[in-house]
Number of protein chains: 2
Amino acid sequence: MSTADRSAQAPTRSKRADALRNQQALLTAAAEVFATSGIDAPIRAIAARAGVGVGTIYRHFPARADLVVAVYRHQVEACAEAGPTLLADTDSPLTALRRWVDLFVDFLVTKHGLANTLESDSGFDALHSYFLDRLVPVCAQLLDAAVDAGEITPGTHAYELMRGIGNLCIGRDSDPRYDPRRLIELLLQGLQRPPSP
Amino acid sequence: MSTADRSAQAPTRSKRADALRNQQALLTAAAEVFATSGIDAPIRAIAARAGVGVGTIYRHFPARADLVVAVYRHQVEACAEAGPTLLADTDSPLTALRRWVDLFVDFLVTKHGLANTLESDSGFDALHSYFLDRLVPVCAQLLDAAVDAGEITPGTHAYELMRGIGNLCIGRDSDPRYDPRRLIELLLQGLQRPPSP
DNA sequence: TACGATACGGAACAATGTTCCGCTTAGTCA
DNA sequence: TGACTAAGCGGAACATTGTTCCGTATCGTA
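Chemist: Even after reading the chapter, I still don't get the overall build of chain A, so can you show me in this structure?
Modeler: Along the backbone of chain A there are ten helices and zero strands. Moving toward the C terminus, one meets the helices and strands of chain A in the order α-α-α-α-α-α-α-α-α-α. Counting over 197 residues, chain A shows a buried share of 41%. Put simply, 68% of the contacts in chain A that link residues at least 6 apart link residues at least 24 apart.

In structure tokens, the structure reads:
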């Protein structure tokens, strides 16, 4: 979390007013640019939109990924918190898992190219780490509950499942023939233990 | 196929000897560089290895993807041809499908970053098209056979399955916790029709 | 108001894909 | 064999993008 923390809201102390203003402007601008041009939009475009120089971006967000994390942080948080809630509110842990996966897929699919970036090799380790660190434990909890309830077979690791789901969401745009949800449903069905009478 | 064809072996007529020599050298060099540095290796590296200028690469292979296609063409071909063979040699079409998918995964996983490139947005349409055009029909044949044999439920499209498998193979390196094969196995299990007694 | 630390802007650098063009050379024809 | 022409070549040059650096401007304070 170290890198991410540094770039979070942290309104605490001893920061110049213009710095705070710029940080906020950057978050807003980045969110807008990401929404229209996708997560791969050039840094310069975000800087221009926020009306600051590129240097300013790099001071606030040491690497591109830190900016992305900051922009989507609250959404990731919401997704993480939905896990335990769903588990508590749903009779079948498998159903809870299914709904939670739906939420996660919604999130990935809404952001153009987020999934791509998530798995990209180059320098997006911070992003990758943050998302996974935050969500894998939640997923694990759901998986464990479903195993305990005898609804799915044990042996699948949350990390692997999450990455698989993330991967399946890559390239969803630009091709109506490819709908990751159908495959993810297949995956979950494969997970399911056949009801033993 | 248009783009791919142009850059294929086509030893036919009216090409200068040095051009042919260079084309061959480029294919060899590219194969070596791809093997060691991955599919994302800089064009310049390939040019250097082949002892030619970058201009020469672009004359023979108008875009990067054309070079990749040319390098892996025969392997894709082999995979495509394995489909019908497996189907003929195996009693259960589902088993044939499973083996064929294994072959495909082998291929993707062997080439560093091929899967990534396959799904990349930027300008790799030729690559994407070639692989999919060639292999989707083969996969469809296997799927159909398995459906006809009552081994899997109908409704899954070969294109979607292929892309899903391709996606799952992304980022396999660099993380022992992630093994795409396990997830692909899950996917196939999800496809399977429960034996109705 | 003056001063020091903080923050800013954007030029500059590096990596990479791609294009362009003057020079070289293979193949041909007398 | 010796030109001649078109095919082919090399690599400089251009465009794009991430990232760093540093001289300058600004904020907060004494």
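And the narrative resumes.
Chemist: Explanation requested: the protein's contact with DNA strand D in the structure shown.
Modeler: Taken together, 23 residues surround DNA strand D, and among them Ala 17 of chain A together with Asn 22, Val 52, Gly 53 and Gly 55 of chain B come closest. When residues in the surface near DNA strand D are grouped by element, the largest group, four residues, is from helix 4 (residues 54-60) of chain B. Its residues assigned to classes, the surface near DNA strand D comprises nine nonpolar, six polar and eight charged.

Chemist: Sorry, what's going on with the protein's contact with DNA strand C here?
Modeler: Close to DNA strand C lie 23 residues; Asn 22, Val 52, Gly 53 and Gly 55 of chain A together with Ala 17 of chain B are nearest. Of all the secondary structure elements, the ones that give two or more residues to the surface near DNA strand C are helix 2 (17-37) and helix 4 (54-60) of chain A together with helix 2 (17-37), helix 3 (43-50) and helix 4 of chain B. Counting residues per element, the surface near DNA strand C draws most heavily on helix 4 of chain A, which supplies four residues.

Chemist: Would you mind going over helix 3 of chain B with me for this structure?
Modeler: Residue and element names in this part refer to chain B. Where helix 3 is concerned, the buried positions are Ile 46, Ala 47 and Ala 50. Buried residues of helix 3, viewed axially, fall in a sector of 100°; they line one side. Buried positions along helix 3 lie against helix 2 and helix 4. Note on helix 3: the residue one or two positions beyond its end, Gly 51, has a positive phi of about 70°.

Chemist: Sorry if this is basic, but what is going on with the packing of helix 2 of chain B against helix 5 (residues 64-89) of chain B here?
Modeler: Helix packing geometry: the angle between the two helix axes and the distance between the axes. All names here are of chain B. Relative orientation of the contacting elements helix 2 and helix 5 amounts to 90°, with a least axis distance of 10 Å. Our classification of the angle between helix 2 and helix 5 gives roughly perpendicular. The segment helix 2 lies against helix 5, with Leu 27, Ala 30, Ala 31 and Phe 34 engaging Leu 67, Ala 70 and Val 71. The residue inventory of the contact of helix 2 with helix 5, partitioned by class, reads seven nonpolar, no polar and no charged.

Chemist: Explanation requested: the relation of the copies chain A and chain B in the structure shown.
Modeler: Copy one and copy two of the chain differ by a rotation about a common axis and a shift along it. Superposing chain A onto chain B takes a rotation of 180° combined with a translation of 0.0 Å along the rotation axis, leaving an RMSD of 0.1 Å. Taken together, the rotation angle and the small translation identify this as a two-fold axis. When C-alpha positions in chain A are compared against the rotation axis, the closest is assigned to Gly 190 of chain A, at 1.8 Å. Taken together, the interface assignments show that 100% of the residues at the interface of chain A recur at the interface of chain B, consistent with an identical surface on both copies.

Chemist: Would you explain the confidence of the model for chain A in this entry?
Modeler: The predicted coordinates ought not to be read in detail in places where the model reports low pLDDT. Per-residue confidence for chain A gives a mean pLDDT of 87, with 87% of residues at or over 70. With pLDDT under 50 throughout, residues 1-13 of chain A is counted as low confidence; its partners more than four residues away or in other chains account for 13 contacts.

Chemist: How should I be thinking about the nonpolar core in this particular structure?
Modeler: A general feature of soluble globular proteins is that nonpolar side chains tend to end up buried together. By size, the foremost hydrophobic cluster in this structure holds 109 residues, and its most contacted members are Ala 30 and Leu 142 of chain A together with Ala 30 and Leu 142 of chain B. For Ala 30 of chain A, the residues in contact, after removing those within four places along its chain, are Ile 46, Leu 67 and Val 71 of chain A.

So, how was this worked out
- Residues numbered from 1 in each chain as written.
- Chains lettered and ligands numbered in written order.
- Predicted model: local features only at pLDDT ≥ 70, side-chain atom pairs only at ≥ 80, totals over all residues.
- Helix = DSSP H or I, 4+ residues; strand = E, 2+ residues; numbered from the N terminus.
- Buried ≥ 20, exposed ≤ 12 C-beta atoms within 10 Å, placed from the backbone.
- Contact = placed C-beta atoms within 7 Å.
- Near = placed C-beta within 6 Å.
- Nonpolar A, V, L, I, M, F, W, Y, C, P; charged D, E, K, R; others polar.
- Arc of directions from axis to C-beta.
- Axes fitted to C-alpha atoms, helices over the stretch in contact; angles between N-to-C directions.
- Parallel < 35°, antiparallel > 145°, perpendicular 65-115°, else oblique.
- Least-squares fit on C-alpha atoms with pLDDT ≥ 70 in both.
- pLDDT = per-residue confidence, 0-100.
- Core = buried A, V, L, I, M, F, W, Y, C linked by C-beta atoms within 7 Å.

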